[in-house]
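Close look at the chain arrangement
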Amino acid sequence: MSYLAKNYNRKKISFKYGKGSYLYSIDNKKYLDFVQGIAVNSLGHAHPRLIKAIKDQSKKLWHVSNAFQIPEGEKLAKNLCKKTFADYVMFQNSGAEATEAAIKVARRYFYSIGKPYKNRILCIKNSFHGRTLAAIYASGSKKMTEGFGPKIPGFDHIIFKDSKPRFPKIRSRIKRSTAAIMVETILGEGGIKIIPDKCLRYLRKICNEKKILLILDEVQCGIGRSGDFFAFEQSKVKPDIVPIAKGIGGGFPIGAVLMNKKVAVGMTAGTHGSTFGGNPLAMAVGNTVMDIVSNKNFLNNVKKSSRYFLSNLNKIKNQYPKIIKEIRGRGLLIGIKVFKDQTIFIKKLMDNKLLTIRAAENVIRILPPLNVKKNEIGKALKIITKVCSELK
Ligand SMILES: *Cc1c(COP(=O)(O)O)cnc(C)c1O
């Protein structure tokens, strides 16, 4: 009997502890964890530097109100700005809060320049921005919004197609009232679908033309997950607003909105707040994750691991073309699209001690820690090959 609400279909397994890429279950089995809390534990389980950071800070100060200065938060904000497009940061506690705050920043910007009628956000149909009321209507997914009406107004939708043109009729969807386009740079829950660099540049161009803002949701694909600090970097596009969360806390809940100078003018004192957002404990951990992940050598290693993983997954795909349809992804945000329902595949991987998680479109999502070792990837490849041979 569980007293937890049944909003999750939980697997019948629980864990005692974790170390790096591994999780150890209550019944003493060792699992290769390539879920890592869904791209949250960017440095794996029980990273010594994160343990030290939280231990040291926990003896000093856990929480003070944002009514006071928080030096640990100042430091993380400065670091995030120095390494990215951003000029200002606003801390939250989760991805959904960060995307909602991103929407608030966009609306408030137009309000502050005397165009309050510009308040609608154009999103990709069936994308994912979190589970709060506004975020589910931003995604426009029937599954997520059903039964949660009345509908939150202010969102319009475009289709992101697998074939060209990727964003058909997008110009006609932008109205006088449109404030921003908000998309995930790589659609995570949606099935690890990458928006090609060219299309990102096209979105930026349209935003410039129409004088609207570009919000890139990097909650899942950001913080080194793609092999760059942000997934949009290789396109050379500069967004106006970027919500982040998952990976930046390395397992501790942190969300944030990054923004440029232009849009920040609207966020004057009292316009937004968060009791827990940016607390010293969270910031101490965030600073440590940031120090490690934003390092060029670290990111080069993510790219190296990615090349090894992806090229070998493609070999498995060629070996089993009737089982695997496509290998998707960038960096260590990887998807295996299979022909049949992916549930059986995921179950078999788990039986073989490899943990993965589903995404839309029959995709098995693979999210190792960013510091995963080559031999651990090798182990996963062996298990994936074995499961393919069993399903044949
Ligand atoms: C996970 C996710 C969110 C929501 O994050 P929560 O912390 O679960 O609220 C938002 N956007 C994207 C792209 C995500 O992957």
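Model, not experiment: these values are computed from the prediction.

What to know about the overall build of the chain
Within the chain, the secondary structure is distributed over 13 helices and 17 strands. For 392 residues, the compact-globule estimate of 2.2 N^0.38 gives 21 Å, and the chain sits close to it at 21 Å. Each principal axis of the C-alpha distribution contributes one length, and for the chain these read about 65 × 55 × 45 Å. Expressed as a percentage of contacts within the chain between residues at least 6 apart in sequence, the contacts between residues at least 24 apart total 70%. As displayed, the chain offers around 18800 Å² of accessible surface, 55% of which is attributable to carbon and sulfur atoms. When the 72 basic and 27 acidic side-chain charges of the chain are each reduced to a single mean position, those positions are 3 Å apart.

Regarding the environment of Asn318
By the element assignment, Asn318 lies in helix 11 (residues 296–319). The exposed category is assigned to Asn318, whose relative accessible area is 57%. Along the primary structure Asn318 and Leu299 are separated by 19 residues, whereas in three dimensions their C-alpha atoms are 28 Å apart.

Description of the pairing of strand 12 (residues 255–259)
For strand 12, a buried count of 5 out of 5 residues is recorded, marking the element as mostly surrounded by other parts of the structure. The side-chain alternation of strand 12 yields two buried faces, one formed by Gly255, Val257 and Met259 and the other by Ala256 and Leu258. Where strand 4 (residues 88–92) lies against strand 12, 5 bridges are found, and the strand directions are antiparallel. Bridging across to strand 12, Val89 finds its partner in Leu258. The sheet contact formed by strand 11 (residues 241–244) and strand 12 spans 4 bridges and is antiparallel. Bridge assignment links Pro243 to a residue of strand 12, and that residue is Val257.

Looking at the site of the ligand
Every residue close to the ligand is listed here: Ser94, Gly95, Ala96, Phe128, His129, Gly130, Glu184, Asp217, Val219, Gln220 and Lys246. Within the backbone of Gly95, one N or O atom sits 2.8 Å away from an oxygen atom of the ligand. Interatomic distance of 2.8 Å between a side-chain N/O atom of Gln220 and an oxygen atom of the ligand. Here the ligand loses 81% of its free accessible area of 380 Å² to cover by the protein chains. Looking at the shell around the ligand, its residues break down into 3 nonpolar, 5 polar and 3 charged.

Observations regarding the sheet that holds strand 16 (residues 357–359)
The 4 strands are arranged 13-14-17-16 in an open sheet whose pairing can be described as antiparallel. Every interior strand has two partners, whereas the edge strands, strand 13 (324–330) and strand 16, have only one. Averaged over all neighbouring strand pairs, the angle between strand axes comes to 30°, with direction disregarded. By the bridge criterion, 3 bridges tie strand 16 to strand 17 (residues 363–366) in an arrangement that is antiparallel. Following the sheet pairing, Arg358 is matched in strand 17 by Ile364. Where helix 12 (residues 342–351) meets the sheet, its contacts fall on strand 14 (333–338), strand 16 and strand 17, and the angle it forms with strand 17 comes to roughly 35°.

Observations regarding the packing of helix 11 against helix 13 (residues 374–391)
The interhelical angle for the contact between helix 11 and helix 13, taken along N-to-C directions, is 15°, at an axis separation of 10 Å. Considering the angle they form, helix 11 stands roughly parallel to helix 13. Considering how the two elements wind past one another, helix 11 and helix 13 form a crossing that is right-handed. Residues Ser305, Tyr308, Phe309, Asn312, Leu313, Ile316 and Gln319 of helix 11 form the contact with helix 13, whose own contacting residues are Lys374, Ile377, Gly378, Ala380, Leu381, Ile384, Thr385 and Cys388. Taken together, the residues of the contact of helix 11 with helix 13 sort by class into 9 nonpolar, 5 polar and 1 charged.

Brief notes about the sheet that holds strand 1 (residues 15–19)
In space, the 4 strands of this open sheet follow the order 1-2-3-15, with mixed pairing throughout. Every other strand in the sheet has two partners, leaving strand 1 and strand 15 (354–355) as the edge strands with one partner each. Note: strand 2 (residues 22–25) against strand 3 (residues 30–33), 3 bridges, orientation antiparallel. Opposite Tyr22, over in strand 3, you have Leu32 as the bridge partner.

What counts as what
- Residues numbered from 1 in each chain as written.
- Predicted model: local features only at pLDDT ≥ 70, side-chain atom pairs only at ≥ 80, totals over all residues.
- Heavy atoms only, no water.
- Helix = DSSP H or I, 4+ residues; strand = E, 2+ residues; numbered from the N terminus.
- Rg over C-alpha atoms; globule rule 2.2 N^0.38 Å.
- Contact = heavy atoms within 4.5 Å.
- Areas by Shrake-Rupley, 256 points an atom, 1.4 Å probe, with all protein chains shown as cover.
- Lys, Arg positive; Asp, Glu negative; His and termini not counted.
- Charge placed at Lys NZ, Arg CZ, Asp CG, Glu CD.
- Buried < 20%, exposed > 50% of the residue type's maximum accessible area, 1.4 Å probe, protein only.
- Pairing = 2+ DSSP bridges.
- Near = heavy atom within 4 Å.
- Polar contact = N/O pair within 3.5 Å; in protein donor to acceptor, adjacent residues only side chain to side chain.
- Nonpolar A, V, L, I, M, F, W, Y, C, P; charged D, E, K, R; others polar.
- Axes fitted to C-alpha atoms, helices over the stretch in contact; angles between N-to-C directions.
- Parallel < 35°, antiparallel > 145°, perpendicular 65-115°, else oblique.
- Left-handed = near helix turned anticlockwise from the far one by under 90°.

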